[in-house]
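# Structural characterization, general
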Amino acid sequence: MKSYTLKSIGKNTDYMTIIREMDDGFVVRIVRDLDGYQDVKTDYISRELFDSCIRTGYLTEIKEPVAITA
């Protein structure tokens, strides 16, 4: 499972982890740090949108593993 940081405002440490890859996209877990507590969501992102986010720098791959919580 690969993890990516999300470009965010301020010093937030939001990240996304790919849970499952499908033909047309990915099931991902998004973790956002909101004033000391974590907001965890599981969602779908299309392959086209994912590629666009990588290309524009909104998503940056994390080289070291991220612990998935919740």
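Residues numbered from 1 in each chain as written. Predicted model: local features only at pLDDT ≥ 70, side-chain atom pairs only at ≥ 80, totals over all residues. Heavy atoms only, no water.

### Some details on the overall build of the protein chain
In terms of helices and strands, the protein chain carries one helix and five strands. In the protein chain, once contacts between residues fewer than 6 apart in sequence are set aside, the share between residues at least 24 apart is 35%. For the protein chain, the computed accessible surface area is about 5000 Å², with 52% contributed by carbon and sulfur atoms. (Helix = DSSP H or I, 4+ residues; strand = E, 2+ residues; numbered from the N terminus. Contact = heavy atoms within 4.5 Å. Areas by Shrake-Rupley, 256 points an atom, 1.4 Å probe, with all protein chains shown as cover.)

### A short note on the environment of D24
Within the secondary structure layout, D24 lies in the loop between β2 (15-21) and β3 (25-34). Separated by 22 residues in the primary sequence, D24 and S46 have C-alpha atoms spaced 6.0 Å apart. If we skip the residues at most four places from it in the chain, D24 touches Y44, S46 and R47.

### A word on the environment of D35
Here D35 is to be found in the loop between β3 and β4 (37-46). For D35, a relative accessible area of 82% translates into the label exposed. (Buried < 20%, exposed > 50% of the residue type's maximum accessible area, 1.4 Å probe, protein only.)

### Observations regarding the pattern of salt bridges
Across all of its chains, the model carries four salt bridges by this definition. Here R47 ties to E21 by a salt bridge, and the two come within 3.1 Å at their closest N and O atoms. On the criterion of sequence distance, the pair formed by R47 in helix α1 (residues 47-56) and E21 in strand β2 is long-range, its members being 26 residues apart. According to the relative accessible area criterion, E21 is exposed, its value standing at 55%. Of the charged contacts in the structure, one is a salt bridge between E61 and K63, with a shortest N-O distance of 3.9 Å. Look at E61 and you get partly exposed, because its relative accessible area is 33%. (Salt bridge = Lys/Arg side-chain N within 4 Å of Asp/Glu carboxyl O.)

### Structural notes on the pairing of strand β1 (residues 3-6)
Sheet topology places β1 next to β2; three bridges connect them, and they run antiparallel. Within β2, the position partnered with Y4 by the bridge is M16. The sheet contact formed by β1 and strand β5 (residues 59-62) spans four bridges and is antiparallel. From the neighbouring strand, T5 faces β5, where its bridge partner is T60. (Pairing = 2+ DSSP bridges.)

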